[in-house]
Amino acid sequence: MLTAVTGINWGDEGKGRVVDLLSDHADYVVRYQGGNNAGHTVVTDKGKFVLNLLPSGILHPEVVCVLGNGMVIDPDHLRHEIEMMRYMNVKISPENLKISEKATVCMPFHVRQDVLEEERLSKTGEAFGSTKRGIAYAYGDKYMKKTLRMGDLLYLDSEVIKKRIAMIVESKNLILEKVYGQKPLSVEEVMDWCKGQAEFLKPYITDTGVLLEKAAAEGKDILFEAQLGALRDIDYGIYPYTSSSSTIAAYATIGAGIPKRKPERVVGVMKAYSTCVGEGPFAAEKAAGEEWNDKLRKAGNEFGAATGRPRRVGPFDAVASRYGLQCQNAGDIALTKLDVLSSFEKIPVITGYRVSGKLITDFPTNVLLDAAKPEVEMLDGWNCDISSCRNWNDLPENAKKYIERIEELIGHSIYLVSTGAKRDEYLLKE
């Protein structure tokens with residue numbers, strides 16, 4: 001079975017939690033896009049784990065985890081993450097972690113460019129809200145053929161690779177010196193950095209496409225883990241305030257390295273409320289007022305797993321969620337963080353937008369979104385702890401009504417409900 005776990009909204013929906021649960025039955029877990037610009041948080045009996053590049057399946061020692069060709073990989077960050085996980089007694093070796101030779105290398109100068117440009121834009125109020133981790137610049141250079149792939153680190157003595165590095169350094173120095181007034185790079189420092197990465201990562205780098213195609217042909221269970229959500233997709237998201245990769249399920253097998261395959265099951269993950277990290281239009285934060293938003297942010301500990309930035313928050317947005325569901329074509333939906341709403345007397349839900357006085361129910365991805373004013377329906381809260389609920393009938397009546405109203409608004413049933421942060425705090429809706 002080929003299963004993709006994807007985000008319905010802006011990201012931070014709790015995909016890592018769902019991947020961790022589904023990994024119990026998986027043979028492989030594959031990250032197929034993005035880099036270390038977002039984080040997946042998983043809480044187990046061994047502690048809290050924040051993963052940026054490693055798939056959430058890494059917490060299951062019998063699962064083989066793969067960093068796919070659609071990713072951009074910062075080797076410095078990956079090495080640090082591997083060492084941190086080992087410190088927390090997570091098994092990581094070339095047997096259970098494979099890195100695609102076709103994945104793009106996020107180089108130190110990509111991070112440098114990202115920081116410099118975001119600082120320049122911030123002076124005029126035009127910043128994108130970048131995580132400043134070089135992701136957009138690594139993807140940009142991937143398409144301009146001016147960076148390396150992970151497999152190139154295995155052939156640094158090749159004259160072909162040496163010439164490519166020299167060309168890349170020359171090109172980068174034109175930008176760093178002439179545009180930003182920075183010190184130039186040297187070929188030697190870039191080569192030395194590459195050699196240091198190759199020394200550590202060489203045993204992990206392989207043709208993961210061959211590995212996964214063989215696994216798929218044998219009927220193995222492969223789980224594809226997305227980063228961020230549909231509304232951050234480079235093509236279908238709130239452009240230009242998007243990520244730089246394709247976050248939708250249709251890209252899963254392409255970014256994993258088995259393009260002739262397609263996902264057989266898609267699990268879409270969405271929160272019981274709305275959150276957003278970074279800049280761009282976000283109608284939900286206008287719906288309930290800052291006092292309600294601040295209470296929600298604190299109750300849900302809504303701070304970015306990768307950056308620590310406070311997330312923008314608001315009520316559940318049915319307009320955005322219907323659009324995200326359409327993009328992901330999810331057959332199953334997991335609803336996370338329902339427990340965060342347990343202390344609220346009244347809970348708003350966004351049912352539509354008004355733009356220039358006209359009610360719209362389809363999500364706009366153009367400038368109309370900036371002017372959108374949310375239409376809100378108020379629902380009764382349940383005012384009690386639900387973390388011990390393991391069956392549908394254990395839930396308070398108003399919690400059931402809340403979930404059922406969401407199902408009505410998005411036109412789709414929900415199959416899994418998260419009732420707390422711990423691994424076993426969830427229920428299957430029958």
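Residues numbered from 1 in each chain as written. Predicted model: local features only at pLDDT ≥ 70, side-chain atom pairs only at ≥ 80, totals over all residues. Heavy atoms only, no water.

You'll find the protein entered in an unreviewed UniProt entry as Adenylosuccinate synthetase, with Roseburia intestinalis given as the organism. Recorded in UniProt for the protein, the comment headed Sequence similarities (unreviewed entry) runs: "Belongs to the adenylosuccinate synthetase family." (UniProt positions renumbered as here; feature names shortened; annotations may be inferred.)

**Q** Tell me about the UniProt feature "active site" (unreviewed entry) in the protein, residues and numbers included.
**A** UniProt records the feature "active site" (unreviewed entry) for D12 and H40 in the present numbering. Spatial clustering of the annotated residues is evident: they stretch over 29 residues in sequence, but the largest pairwise C-alpha distance comes to 7.5 Å. Within the annotated group, the residues that form the lining of the largest cavity are D12. Here D12 lies in the loop between β1 (2-7) and α1 (15-22). Taking the relative accessible area as the measure of exposure, D12 reaches 18% and is therefore buried. Apart from the residues lying within four places of it in its own chain, the contact partners of D12 are K271, T275, V277 and R311. With respect to the secondary-structure elements, H40 resides in strand β3 (residues 40-44). Every residue in contact with H40, bar those within four places of it in the chain, is listed here: K15, G16, F49, V50, L51, S56, E225, A226 and Q227. (1 Å grid on protein atoms, 1.4 Å probe; cavity = no way out; pocket = protein on both sides within 12 Å on 5 of 7 lines; lining within 4 Å. Helix = DSSP H or I, 4+ residues; strand = E, 2+ residues; numbered from the N terminus. Buried < 20%, exposed > 50% of the residue type's maximum accessible area, 1.4 Å probe, protein only. Contact = heavy atoms within 4.5 Å.)

**Q** Pulling in residues and values, what's your account of helix α6 (residues 187-201)?
**A** Compared with the 21 Å implied by 1.5 Å per residue over 15 residues, the 21 Å span of α6 between its first and last C-alpha is a close match. Every buried residue of α6 is accounted for by V190, M191, W193, C194, Q197, A198 and L201. Seen along its axis, α6 keeps its buried residues to an arc of 160 degrees; they face one direction. Turned more than 90 degrees from where α6 packs its buried face, E188, D192 and E199 sit exposed. (Expected span 1.5 Å × (residues − 1). Arc of directions from axis to C-beta.)

**Q** Could you give an account of the layout of surface pockets, with specific residues and numbers?
**A** Empty space left among the atoms is revealed by rolling a probe the size of a water molecule over them. Quantified by volume, the second largest pocket comes out at close to 620 Å³. Forming the walls of the second largest pocket are 28 residues, and the residues nearest its centre are T41, G300, R311, K337 and A421. Of all the elements in the fold, those that place two or more residues in the lining of the second largest pocket are α1, β3 and β4 (47-51). Along the lines of polarity and charge, the residues of the lining of the second largest pocket split into eight nonpolar, 10 polar and 10 charged. Residues lining the lining of the second largest pocket come from more than one domain, with at least three contributed by each of domain 1 (2-100 + 205-267) and domain 3 (270-428). (Points joined across faces, edges and corners; volume = space filled by probe spheres on them. Nonpolar A, V, L, I, M, F, W, Y, C, P; charged D, E, K, R; others polar. Domains from an automatic or database assignment.)

**Q** Now, about empty space enclosed by the protein: what can you tell me, with residues and values included?
**A** According to the stated counting rule, one finds one cavity of 30 Å³ or more in the structure shown. What the largest cavity holds in volume is close to 40 Å³. Broken down by class, the residue content of the lining of the largest cavity amounts to two nonpolar, four polar and three charged. Taken domain by domain, the makeup of the lining of the largest cavity includes at least three residues from each of domain 1 (2-100 + 205-267) and domain 3 (270-428).

**Q** Quick rundown of the domain arrangement of the protein? Include the residues and the values.
**A** Domain boundaries in the protein define domain 1 (2-100 + 205-267), domain 2 (105-201) and domain 3 (270-428). Spacing between the C-alpha centres of domain 2 and domain 3 amounts to 38 Å.

**Q** So what about the environment of L22? Which residues, and what values?
**A** Looking at where L22 falls in the secondary structure, it is placed in helix α1. Relative accessible area serves as the criterion here: at 18%, L22 is assigned to the buried category. A sequence separation of 111 residues divides L22 from R133, and the C-alpha atoms of the two residues are 29 Å apart. In contact with L22, other than residues within four places in its own chain, are V5, L223, R265, V267 and Y415.

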